[in-house]
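Chain residues, written in single-letter form:
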Amino acid sequence: MSNTADARARDHAYSSFTQKLLAKDIAPGQIVSQRELVELTGMPLGAIREMIPRLEADGLIQTVPQRGLQVLSIDLDLVRNAFQLRRIIEGEAIAVFCAQASDDEIARITIEHEDMRAQAIAGLTPELLDRAQQMDWAFHDRVVDAMGNRIISDIHRVNTMKIRLIRNSDTRILPELAVSVLDEHLAVIRALSARDCAGAVAAIHTHINSAKRRALGL
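The rules behind these values
Every chain begins its residue count from 1, and numbering advances along the sequence as written. Given that this is a predicted model, residues contribute local features only at a pLDDT of at least 70 and side-chain atom pairs are listed and counted only at 80 or more, while totals for whole chains, interfaces and linings are drawn from all residues. Hydrogens and water are ignored here; the side-chain numbers use all heavy atoms of the structure. Two strands are said to pair when DSSP picks up at least two bridges between them. Helix and strand labels come from DSSP, where a helix needs a run of H or I of at least four residues and a strand needs a run of E of at least two; each type is numbered from the N terminus. Should any heavy atoms of two residues lie within 4.5 Å, those residues are counted as being in contact. Lines fitted to the C-alpha atoms define the axes, with helices restricted to the stretch that makes contact. Angles between their N-to-C directions range from 0 to 180 degrees. Salt-bridge detection follows one rule: a side-chain nitrogen of Lys or Arg within 4 Å of a carboxyl oxygen of Asp or Glu. For each residue, the accessible area found with a 1.4 Å probe, counting protein chains only, is set against the maximum for its type, and the residue is called buried under 20%, exposed over 50%, and partly exposed in between. Here, the term disulfide refers to a pair of cysteine sulfur atoms separated by no more than 2.5 Å. Expected span, for any helix, means 1.5 Å times one less than how many residues it has. Polar contact criterion, stated in full: a pair of N or O atoms within 3.5 Å, where within protein one must be able to donate a hydrogen and the other to accept it, and residues adjacent in sequence count only if both atoms are side-chain atoms. By definition in this entry, angles of less than 35 degrees are roughly parallel, angles greater than 145 are roughly antiparallel, angles of 65 to 115 are roughly perpendicular, and the rest are oblique. Crossing chirality is assigned from the near helix's rotation relative to the far helix, an anticlockwise turn below a right angle marking it left-handed and a clockwise turn marking it right-handed. Nonpolar residues are Ala, Val, Leu, Ile, Met, Phe, Trp, Tyr, Cys and Pro. Charged residues are Asp, Glu, Lys and Arg, and all others, Gly as well, are polar.

**Things to note about the sheet that holds strand S3 (residues 68-71)**
And then number 1: On the basis of which strands lie adjacent, the open sheet formed by three strands has the order S1-S3-S2 and antiparallel pairing. If you trace the sheet from one side to the other, it starts and ends with strand S1 (31-32) and strand S2 (61-64), each paired once.
And then number 2: Relative to S3, S2 runs antiparallel, the two sharing four bridges. By the bridge assignment, Ile61 is partnered in S3 with Val71.
And then number 3: Most of the contacts of helix H3 (residues 45-57) go to S2, to which it runs at about 110°, and overall it touches S2 and S3.

Okay, structure coming up:
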């Protein structure tokens, strides 16, 4: 294969692995072999071998001598570290977004969230809850990406994946929490609309702290 084809296969293998991990087809802490990853992802052995250094660099697996590859384990240190990193990244990102985002973009985000909140109050459906979750993740990605720093965006996405793995169902928007999560976003957005950057940072930290408490089951 050409270098381009190799890179494409490696990226596909990485994407397939992370999708299986988030879908719980691969369990945190599980020991797997390269051959098992071939079966799980449907990708050739060469692509699996090439993606392993990337997974190791991202902290998603580690090599265990004479046993195989161990998938990231979920423990208290991971929860603390992942949410601390999230506070650092998103605190800086929301301050930059507050200073640089256009009035039109902030107005659009406001309308999207207010409309979603009104629909959630009227009655949640599985489809609406899924759209609310996608909007939640997209908002955070957009704020971080607006910094224009590819290194930070890449770190943010890997860290977000780890947070989604932490007690997987508890880090999603639950039906009974949908409106309160949207209210937390709207507190951030109101500060953005007022160009109150310190207020936006405080509000995003409050939102992240709430997510951390849910992940810890508090």
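From this point, things continue past the structure.
**Here we look at the pattern of salt bridges**
And then number 1: Within this structure, the stated rule accounts for 13 salt bridges.
And then number 2: The partner of Glu90 in a salt bridge is Arg86, with the nearest N and O atoms 2.8 Å apart. Here Glu90 pairs with Arg86, and both are found in helix H4 (residues 76-100), just four residues apart, close to one helical turn. Residues Glu90 and Arg86 agree in their burial class; the two are buried.
And then number 3: Across the pair Asp183 and Arg117 runs a salt bridge, and its minimum N-O distance is 2.5 Å. Taken as a pair, Asp183 in helix H8 (residues 178-193) and Arg117 in helix H5 (residues 103-122) lie far apart in primary sequence, 66 residues in all.
And then number 4: Classification of Asp183 as partly exposed rests on a relative accessible area of 30%.

**A closer look at the state of the cysteines**
And then number 1: Tallying each qualifying case throughout the model produces one disulfide.
And then number 2: With its sulfur 2.5 Å from that of its partner, Cys98 forms a disulfide with Cys197. In this structure the cystine formed by Cys98 and Cys197 twists about its S-S bond by roughly -90°; its chirality is therefore left-handed. Of the two residues, Cys98 sits in helix H4 while Cys197 sits in helix H9 (residues 197-216), which places them 99 residues apart along the sequence.
And then number 3: Classification of Cys98 as buried rests on a relative accessible area of 1%.

**Some points on H4**
And then number 1: An ideal rise of 1.5 Å per residue puts 36 Å on 25 residues; H4 measures up with 36 Å between its terminal C-alpha atoms.
And then number 2: Burial in H4 covers these residues: Leu78, Val79, Ala82, Phe83, Arg86, Ile89, Glu90, Gly91, Ala93, Ile94, Phe97 and Cys98.
And then number 3: Check the buried side of H4 and you find it contacts H5, helix H6 (126-145), helix H7 (150-165), H8 and H9.
And then number 4: Where H4 starts, the residue carrying a side-chain oxygen 3.3 Å from the main-chain nitrogen of Asp77 turns out to be Asp75.

**Quick look at the packing of H6 against H8**
Two quantities define a packed helix pair, namely the angle between the axes and the distance from one axis to the other.
And then number 1: Here H6 crosses H8 at 30°, and the two axes come no closer than 11 Å. By the criterion of interaxial angle, the relationship of H6 to H8 is roughly parallel. Crossing handedness for the pair H6 and H8: left-handed. Residues Leu129, Met135, Asp136, Phe139 and His140 of H6 form the contact with H8, whose participating residues are Ala178, Val181, Leu182, His185, Val188 and Ile189.
And then number 2: Each residue belonging to the contact of H6 with H8 can be placed in one class, and the counts come to eight nonpolar, two polar and one charged.

**Some thoughts on unusual backbone geometry**
And then number 1: One non-glycine residue, Gln66, adopts positive backbone phi at about 65°.
And then number 2: Looking at the secondary structure, you find Gln66 in the loop between S2 and S3.
And then number 3: What makes Gln66 exposed here is its relative accessible area of 88%.

Just distances and angles here, no functional claims.
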